[in-house]
Amino acid sequence: MIRKLLIANRGEIACRIIRSARAMGMATVAVYSDVDAGALHVEMADEAVLLGGAAPAQSYLDGAGVIAAALACGADAIHPGYGFLSENPDFVAAVAAAGLIFVGPSADAIRGMGLKDAAKVLMEAAGVPVVPGYHGDNQDPEHLSGAADAIGYPVLIKAVAGGGGKGMRRVDRAQDFFEALASARAEAQGAFGNADVLIEKYIQRPRHIEVQVFGDNHGGAVHLYERDCSLQRRHQKVIEEAPAPGMTPEMRAAMGQAAVRAAQAIGYSGAGTVEFIVDGSHGLHPEGFWFMEMNTRLQVEHPVTEAVTGLDLVEWQLRVAGGEPLPLAQDQIPLLGHAFEARLYAEDVPAGFLPATGTIAHLRFSDLARNDSGVRDGDEISPWYDPMIAKVITHGPTRAVALSRLTRALEETEVAGTVTNIAFLAALSRHAGFAAGDVDTGLIDRDLADLVETGAPPAAVIVRAALAVAGWDDMADPLAGVSLWAPLGQGVTLGRGDDSLAVTLCPRGPSRVDAVLDGARYPCERRPGGWWIDAQPAPASAVQLAGGVVVFAGAAWAFDVPDPLDRGSASGATGNLIEAPMPGLVKAVFVVAGQAVATGDRLAILEAMKMEHALTASRDGIVAEVLTTEGAQVAAHDALIRLEDDTEVEGAA
Ligand code: ADP
């Protein structure tokens, strides 16, 4: 039995692991980087050890530092969470060599599944169906193109060392093969230091269905049913669910058995996930699924499995790592109702899902959901790590109930201080095809424009924002002692994008005010339960931030409040500098000094947080200077490109 557990991770997963470990009576040790000194996971653990600087290589990826911390504080086991060191076989071997327990599979099991081509060979031998394709050693382009012809188009080129969709290209026609191959190989070489690829049949209308497996150190292996992760954007999961819609008992049995065979083939211990691609074009049937890869760790989306089985997977991990046999036999594992998980991120959806940063000024979760989070009011979403704020998980007796709860829970979730993807997630949860269970990995892309559209704020939301900005929320009795100005109108200006909204507030008596917006009059009255606007209960929550206000009404409606003292500073040099929105690597620069650019032109590509971000011109102009070079590592707000002053052409007086 493990007595003291070190958690080599941060954020929601570290907090989630600490909760289960504590519940089992274990002592817990957090590790952290200097920017995480005040983080929730540090506060929750019994002890905490500083690893080093913010960059993951100096902290959460520093395997030697993690092991030294565990030894110094007398921990007997290390839980890696997901990401960071969780699938690094050399780290696993070093943990064992230090006499510590690694909560997860053996280094050999991780190595066996580490490369997609080797894993496919292993799975074929174990009788697990794999996607038809070529996964041999011959990397000659002519040979690979011949393999693609034999498989039949469309095909998918995949980096054998791939992950996160990198080095992956869909090819529809033979004449496009060589170009796609070259770009997949180049991307794979850059990302993984390994340019080798495999070729697969591209499955039409694919669904991503994965099976949760568990093994112990006594030869036992079971599965905990499937999760459907077909709602993806750029191969990243967005909303997951369990069980898979349309799943039949025959197919579940076939997939479950295949996944258990996969785990047994590598002597798997602990929690793992076997990912399958499923042909969803003609409903689910036992011949229509193929092995894609195995993730040898706990997955982000494990809570949906916990919801439908009523089990604590981290508790299972810790018990198995401590030497116990699997707590339940296959036929003892329940499957109850339906569950969803939505991944809530700090990201700017209209700007192309750009990861965002900011200080969380206000955070409220719905009591309809399990909310796994690693942040709290006042915490900073730093540019150093994954910008996840929370996972919102709902459960219900049926899929329809669980999904309605998800919608409600997302509508009731309040985050201010950073932009988030909540409105997008809520729109997705209301999508008719999704509600009907008609999911595939292309759903989000097909309907992206509708899912991203937020529309204009309702009048009641604008008026509510104006009441907050004018200070009416805080006044015990708005008329007491202010009779001098009370009868006068009070003007409030709210900014939204490029629009400016003017609201005039005219006090009408105790706790009453008329708001005038676009010539229309909205009577407002403050009652004990909150504001009523135009004879309707108004959104309860309006949060004021520096320079803005956010009203929560099924979605977060943010408005800028222009600072009157600040006017005028927006002219001059502002708008001339193109800055790095976050720390990252400059992948490409497309312009040179003296070049004319138009609004929207791509100026440079910044690679940050595993994604490429195009930096574009926000106005027409001439490039004055290029202040960076390709390959440069830059910090947030570093100036990369300067445009000539709008007025420079006229010359200074
Ligand atoms: P990575 O390890 O880079 O994430 P995966 O092999 O897990 O790559 O595939 C990621 C996603 O790409 C899958 O979830 C699925 O949506 C899609 N995909 C993978 N293989 C195929 C295929 N053969 N046909 C169609 N889509 C595929």
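Described below are features of the structure shown in this document. (Residues numbered from 1 in each chain as written. Predicted model: local features only at pLDDT ≥ 70, side-chain atom pairs only at ≥ 80, totals over all residues. Heavy atoms only, no water.)

Let us look at the packing of aromatic side chains. Within this structure, the stated rule accounts for eight aromatic pairs. Considering the side-chain rings of Phe340 and Phe434, the 5.7 Å spacing of their centres and the 90° angle between planes classify their relative orientation as edge-to-face. Placement of Phe340 in strand β15 (residues 338-345) and of Phe434 in helix α14 (residues 432-435) is noted, with a sequence separation of 94 residues between them. Residue classification places Phe340 among the buried residues on the basis of a relative accessible area of 0%. Judged by centre distance (4.9 Å) and plane angle (80°), the ring pair of Phe353 and Phe424 falls under edge-to-face. (Phe/Tyr/Trp six-rings, centres within 6.5 Å; stacked < 30°, edge-to-face > 60°. Helix = DSSP H or I, 4+ residues; strand = E, 2+ residues; numbered from the N terminus. Buried < 20%, exposed > 50% of the residue type's maximum accessible area, 1.4 Å probe, protein only.)

Turning next to helix α10 (residues 302-309). Each α-helix turn comprises 3.6 residues. Residues three or four places apart therefore point the same way. Of all eight residues in α10, seven are buried; the element is thus mostly enclosed. Taken together, the buried positions of α10 are occupied by His302, Pro303, Val304, Thr305, Glu306, Val308 and Thr309. Positive backbone phi, approximately 70°, marks Gly310, located one or two places after α10.

Before going further, it helps to examine the layout of surface pockets. In this model, the second largest pocket occupies a volume close to 970 Å³. Surrounding the second largest pocket, 40 residues form its lining, Val419, Arg496, Ala556, Trp557 and Ala558 being those nearest its centre. Elements supplying a minimum of two residues to the lining of the second largest pocket: β16 (347-348), β23 (414-416), α13 (422-429), α16 (448-452), β24 (490-496), β25 (499-509), β31 (548-552) and β32 (556-560). A per-class count over the lining of the second largest pocket returns 22 nonpolar, eleven polar and seven charged. (1 Å grid on protein atoms, 1.4 Å probe; cavity = no way out; pocket = protein on both sides within 12 Å on 5 of 7 lines; lining within 4 Å. Points joined across faces, edges and corners; volume = space filled by probe spheres on them. Nonpolar A, V, L, I, M, F, W, Y, C, P; charged D, E, K, R; others polar.)

Reading across the sheet, the eight strands line up as β14-β13-β10-β11-β12-β15-β22-β20 and stay open at both edges, with antiparallel pairing between neighbours. In this open sheet, the two edge strands, each paired with only one partner strand, are β14 (289-295) and β20 (370-373). When strand polarity is set aside, the average angle formed by the axes of neighbouring strands in this sheet is 25°. When strand β11 (residues 221-233) meets strand β12 (residues 236-242), the two strands line up antiparallel, connected through four bridges. Bridging from a neighbouring strand, Gln232 pairs with Lys237 of β12. (Pairing = 2+ DSSP bridges. Axes fitted to C-alpha atoms, helices over the stretch in contact; angles between N-to-C directions.)

Quick look at the environment of Gly215 now. Note on placement: Gly215 falls in strand β10 (residues 206-215). Classification of Gly215 by relative accessible area gives buried; the value is 0%. Placed 101 residues apart in sequence, Gly215 and Trp316 show a C-alpha to C-alpha distance of 9.9 Å. With residues up to four places along the chain from it excluded, the contact list for Gly215 reads Gly220, Ala221, Tyr268, Ser269, Gly270, Val320 and Leu326. (Contact = heavy atoms within 4.5 Å.)

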